[in-house]
Amino acid sequence: MALLTYQRIAALRNLLPSIGRHNILQFSTTPCVWNLDPNRSRFYPIKTDIMLPANCFAGKVAMVTGGGTGLGKGMTYTLSALGAKVMICSRNLEVLKKTAEEISSQTKNEVLAVSADVRNPEAIKSAVDECVAKFGLPTIVINNAAGNFICPTEMMSPNAFKTVIDIVLNGTAFTTLEVGKRLIEAKTGGVFLQITALFAETGSGFVTHSASAKAGVEALSKSLGAEWGRYGIRFNCIEPGGIETKGAFSRLSPDGMEMKRFKDRIPAGRTGHIAELSNLAAYLVSDYSSWMNGSIIKLDGGEQINISGSFNSLQEVSNQQWKDIIAKIRQVKGS
Ligand code: NAP
């Protein structure tokens, strides 16, 4: 099947406002879904309304790293709309403040913006202190902050590799240790959600730093889900497939090349919407999922199973070709 050019995909997307652009209040500032194949994607409607019951996070305090942009912003909106007080932290305080104001003006719940580089344990400690002083200790933590870019590994500097490991793996570990120790001390229980990636399980060339780091995050999550289960603290991971955010797409598909490949890869015929990820995340940090611990959930429109099944490329075989193939197989006698 011929691949669509990047320009043609972009044109197609603009021609399909019904599925491509959602002017729902809560997600009005987020980018759209790439409707790669209208014939298939019509079976996979996008629900952007909030799934959980109103106020189910009332009285809860949450912390979302990287909560100022992209998926983190979407998850922060959803938790805040459901009644949580949310502290968001990352490096860019200006962006965080703008997001906090935008979300709290819509949800009427407070969102606290704190500058913290997750590579620095002291900065995380101060951010958690600030949250405790303003809202109380967060019993919900979403480790979402990350950095990633495509690069042939032989062209990668040790510093580039180390930076991604420091943000993704060490940043998650530092945040988890800081809040986790306090939760154990306070005997409150709690829930951690880690946003990883499909390649955490499979590995992937050209993003070896991120694949190594995300695999480490999943190992940490499963290990602590067992070890800290006795303290009422549970851990789950979401592996998102392609969901358009500036942060992800500008560094992972800067020239649109990767986007071209999506068309044949995603059985649902479209990329994901931030609201879909946010609804799943909210469920996983809510009491509705209290029996879930140590799970790793793919949210990817079927992409991973499609690219990993050895015979899945047979989808390109026509019905006539299948008749010929089946006739040949029937003629085979013995082994
Ligand atoms: P994004 O908007 O770039 O989000 C990344 C966030 O991490 C930013 O808010 C950034 O804020 C923060 N961050 C980066 N370095 C940091 C540091 N040293 N300390 C603290 N915060 C830091 O991209 P996204 O697509 O929403 O990604 C969110 C998560 O989803 C990531 O874990 C990513 O790996 C995962 N994911 C996304 C996709 C996708 O298709 N979008 C697919 C698979 C996985 P500052 O710049 O202010 O620090």
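Computed from a predicted model, the values in this text were never measured in an experiment. (Residues numbered from 1 in each chain as written. Predicted model: local features only at pLDDT ≥ 70, side-chain atom pairs only at ≥ 80, totals over all residues. Heavy atoms only, no water.)

Draft legend 1. Examining the overall build of the chain more closely. When helices and strands are counted, the chain shows 14 helices and seven strands. Relative to the globule expectation of 20 Å for 335 residues, the C-alpha radius of gyration of the chain, 21 Å, shows essentially globular dimensions. With the principal axes as the frame, the chain shows a C-alpha extent of 75 × 45 × 40 Å. Per-residue burial for the chain yields a buried fraction of 50% across its 335 residues. A separation of at least 24 residues holds for 76% of the contacts in the chain among residues at least 6 apart in sequence. When the accessible area of the chain is evaluated, it comes to approximately 16,600 Å², of which 56% is carbon and sulfur surface. Mean positive and mean negative side-chain charge positions of the chain (36 and 28 charges, respectively) differ by 4 Å. (Helix = DSSP H or I, 4+ residues; strand = E, 2+ residues; numbered from the N terminus. Rg over C-alpha atoms; globule rule 2.2 N^0.38 Å. Buried < 20%, exposed > 50% of the residue type's maximum accessible area, 1.4 Å probe, protein only. Contact = heavy atoms within 4.5 Å. Areas by Shrake-Rupley, 256 points an atom, 1.4 Å probe, with all protein chains shown as cover. Lys, Arg positive; Asp, Glu negative; His and termini not counted. Charge placed at Lys NZ, Arg CZ, Asp CG, Glu CD.)

Draft legend 2. Layout of the domain arrangement of the chain. Once the domains are mapped, the chain shows domain 1 (6-35 + 317-331) and domain 2 (51-308). For domain 1 and domain 2, the distance between their C-alpha centres works out to 28 Å. (Domains from an automatic or database assignment.)

Draft legend 3. Representation of the side chain of Asn279 in the model. Positionally, Asn279 belongs in helix α12 (residues 274-284). Within the local environment of Asn279, its side chain forms a polar contact with the backbone nitrogen of Met51, the two atoms lying 2.9 Å apart. Excluding residues that lie within four positions of it along the chain, Asn279 makes contacts with Lys47, Asp49, Ile50 and Met51. (Polar contact = N/O pair within 3.5 Å; in protein donor to acceptor, adjacent residues only side chain to side chain.)

Draft legend 4. Structural context of the sheet that holds strand β2 (residues 85-90). The strand order across the open sheet formed by seven strands is β3-β2-β1-β4-β5-β6-β7, and the pairing between neighbours is parallel. Edge positions in the open sheet fall to β3 (111-115) and β7 (296-299), since each of these has one partner strand only. For this sheet the average axis-to-axis angle between neighbouring strands, irrespective of direction, equals 20°. The sheet contact formed by strand β4 (residues 140-143) and strand β5 (residues 190-195) spans four bridges and is parallel. Of the residues in β5, the one forming a bridge with Asn143 is Gln194. (Pairing = 2+ DSSP bridges. Axes fitted to C-alpha atoms, helices over the stretch in contact; angles between N-to-C directions.)

Draft legend 5. How the structure looks around the pairing of strand β6 (residues 233-240). The buried fraction of β6 is high, at eight of eight residues. Alternating positions in β6 separate into two faces, Ile233, Phe235, Cys237 and Glu239 on one and Arg234, Asn236, Ile238 and Pro240 on the other, with burial throughout. As paired strands, β5 and β6 are joined by six bridges and run parallel to one another. From the neighbouring strand, Leu193 faces β6, where its bridge partner is Asn236.

Draft legend 6. The site of the ligand, seen in detail. In the vicinity of the ligand there are 26 residues, among which Thr69, Ser90, Arg91, Asn144 and Thr245 approach most closely. Contact between the ligand and Asp117: a nitrogen atom at 2.8 Å from a side-chain N or O atom of the residue. For the ligand, whose accessible area on its own is 870 Å², the fraction buried by protein is 88%. Per element, the largest residue contribution to the shell around the ligand is three residues, and it comes from helix α10 (residues 246-252). Taken together, the residues of the shell around the ligand sort by class into eleven nonpolar, eleven polar and four charged. (Near = heavy atom within 4 Å. Nonpolar A, V, L, I, M, F, W, Y, C, P; charged D, E, K, R; others polar.)

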